[in-house]
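Below, each chain spelled out in residue letters.
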Amino acid sequence: MKIVPFAKPVSMPVRLGPLLTLLSGQGVSAGLGLIYGKLTALYIAPDVWGEYSLLLAGMTFVHSLLITPTIQSFKSALGQFSRTTVVRFYGQLLLVLYTILMPVAALLAGLYFQNALFGLVWLAAVGQGLYQFGADYRNTQGQHQSFTQLQMGYAAGMLVSFGFLIIGLRQYTATGLWQSMALVNGSFALVSVAPLYRLIRHTPSLLPNRPQLVQTYRRYVTPLFSMALCAWVLNYADRYLIRLYLTDADVGQYTMGYSLGAKLLLLSTPILAFLLPHMLTLRRDNQPASMVNALVFRYLRHYMLGAGLACLAFFLGRNLIGTLLLSAQYEQAMIVAPIVATGYLFLTSIHLFELKWYAFGQTRYILWHTLFGVVVNLALNVLLIPRLGIIGAAWATTIGYTAQFAIAYWLFRRTETARMNSASLSHLAP
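Since we're looking at a predicted model, the values are computed, not measured.

Rules of the game
Residues numbered from 1 in each chain as written. Predicted model: local features only at pLDDT ≥ 70, side-chain atom pairs only at ≥ 80, totals over all residues. Heavy atoms only, no water. Helix = DSSP H or I, 4+ residues; strand = E, 2+ residues; numbered from the N terminus. Buried < 20%, exposed > 50% of the residue type's maximum accessible area, 1.4 Å probe, protein only. Contact = heavy atoms within 4.5 Å. Areas by Shrake-Rupley, 256 points an atom, 1.4 Å probe, with all protein chains shown as cover. Phe/Tyr/Trp six-rings, centres within 6.5 Å; stacked < 30°, edge-to-face > 60°. Lys NZ or Arg CZ within 6 Å of the ring centre and 35° of its normal. Salt bridge = Lys/Arg side-chain N within 4 Å of Asp/Glu carboxyl O. Core = buried A, V, L, I, M, F, W, Y, C linked by side-chain atoms within 4.5 Å.

Help me understand the overall build of the protein chain in this model?
Along the backbone of the protein chain there are 14 helices and two strands. Burial status across the protein chain gives 52% buried among its 430 residues. Long-range contacts, defined as pairs at least 24 residues apart, comprise 84% of the intrachain contacts of the protein chain with a sequence gap of at least 6. Per element, the accessible surface of the protein chain, about 19700 Å² overall, is 68% carbon and sulfur.

What follows is the structure, given as structure tokens:
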């Protein structure tokens with residue numbers, strides 16, 4: 001038997017212009033987001049922010065369980081079927097899912113006697129999903145300028161809405177915050193999906209490959225449902241544990257600090273948006289795994305170095321940053337923020353690995369590392385919150401994400417080795 005050596009993969013040319021567009025747009029969005037956070041810290045009391053955050057975590061649970069896996073499947077399907085077919089099918093699917101969720105919101109409204117509030121939550125959820133649907137379509141098609149403009153517009157809209165509804169009308173309540181979010185999400189949902197409606201309005205109502213789309217969707221999202229539940233527990237259960245042991249005000253302090261630390265996501269989002277179309281192209285062209293992995297590691301090294309320096313600067317300048325971005329009533333939040341930022345260095349690095357797994361339909365690896373992270377994170381939260389309060393929750397987040405990164409890195413390298421070994425065997429000639 002003769003072993004045929006691997007041919008060295010040809011590196012994929014990468015244009016930096018779109019990446020610079022995404023980075024500049026994300027910088028503007030980040031600046032507007034920081035102003036929004038400052039206004040929140042000035043005008044919203046910690047207990048009100050805590051009440052709002054707990055409801056937001058509940059909305060995120062439903063969104064993560066049903067909507068996010070559907071949109072992930074939508075992006076993957078764009079690399080396999082015609083775009084008009086995919087857009088029509090997944091648009092209809094999203095409308096069905098939100099229609100199913102409407103009586104759930106009505107039931108919760110009846111149970112808690114806050115009809116208007118739960119109606120606002122449902123409207124905000126619908127707007128968020130449709131906005132994300134249109135934005136992700138632009139990203140997968142390489143429409144980076146349009147994608148960036150939409151992001152900046154959304155950040156500006158949140159700021160304007162807060163200034164008018166919360167500050168101008170003096171609605172310093174959870175209801176006021178939900179009114180603001182529902183208004184912005186609904187407005188940008190219409191802006192986001194309008195081009196998609198124009199794309200599909202002349203296509204036949206019956207899709208010729210609907211059975212294949214249904215099968216692809218079912219196969220893709222089945223592992224994601226369990227993963228979504230685990231991811232929500234990983235990211236939001238700490239708020240409910242804090243409320244169990246402490247108060248709404250403590251939830252507000254922790255959430256404010258967590259949100260500021262999680263701004264590290266803003267550094268990773270342009271890279272993820274930039275690499276996703278390349279991942280889908282590599283899959284469509286049946287390129288070898290070695291080329292995909294080389295692309296991921298190339299950007300991972302640069303990202304971890306830059307984000308690591310940002311975390312160090314954040315820690316050293318935490319007092320000045322706290323004065324600039326928060327207010328005296330959120331003094332505890334500034335202790336939380338740098339710790340959470342360090343955890344997000346590792347979480348956002350995991351997202352680079354997941355980019356390949358999502359694009360190639362290898363979602364079981366995402367489920368495995370997420371399950372591990374849930375066990376570690378929950379155990380640490382239960383152990384540390386009663387002893388250290390919200391600081392304990394912050395340390396649980398950082399340690400948990402660090403351990404999860406180690407497992408995700410091991411899985412990524414292990415799958416690379418497995419694919420290479422499989423390819424070697426396929427080249428064995430008798």
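Can you walk me through the packing of aromatic side chains in this structure?
Any aromatic ring pair is given by two values, namely how distant the centres are and how the planes are angled relative to each other. All told, the structure shown has 29 aromatic pairs when counted by the stated rule. On the numbers, 6.0 Å between centres and 75° between planes, the contact of Tyr90 with Tyr217 is edge-to-face. Placement of the pair is Tyr90 in helix H3 (residues 83-112) and Tyr217 in helix H7 (residues 210-245), with a sequence separation of 127 residues. Residue Tyr90 is classed as buried on the basis of its relative accessible area, which comes to 0%. Ring centres of Tyr131 and Tyr154 lie 4.7 Å apart, and the angle between their planes is 20°; on these two criteria the pair is classed as stacked. Of this pair, Tyr131 sits in helix H4 (residues 115-140) while Tyr154 is found in helix H5 (residues 144-168), placing the two residues 23 residues apart along the sequence. Through a chain of ring-to-ring contacts, the aromatic side chains of Phe297, Phe346, Phe353, Trp357, Tyr365, Trp368, Phe405, Tyr409 and Phe412 assemble into a single cluster. For Arg239, the ring lying beneath its charged end belongs to Tyr258, and the centroid distance is 4.5 Å. In this structure, Lys356 is placed above the aromatic ring of Phe412, and the distance from its NZ or CZ to the ring centre is 5.1 Å.

What should I look at first to understand the pattern of salt bridges in this one?
When their charged atoms lie close together, side chains carrying opposite charge are able to pair. All chains considered together, the criterion is met by three salt bridges. When the shortest N-O distance is used, the salt bridge between Arg239 and Asp238 registers 3.1 Å. For Asp248, the salt bridge identified is with Arg243, shortest N-O distance 2.7 Å. Taking the relative accessible area as the measure of exposure, Arg243 reaches 36% and is therefore partly exposed.

Is there a simple way to think about the nonpolar core in this case?
Soluble, globular proteins show a tendency: their nonpolar side chains are buried together. By size, the foremost hydrophobic cluster in this structure holds 133 residues, and its most contacted members are Tyr90, Trp178 and Phe353. With 18 residues, helix H12 (residues 333-359) is the largest single contributor of residues to this core. Excluding anything up to four places from it in sequence, Tyr90 contacts Thr70, Ser73, Phe74, Ala77, Phe133, Leu213 and Tyr217.

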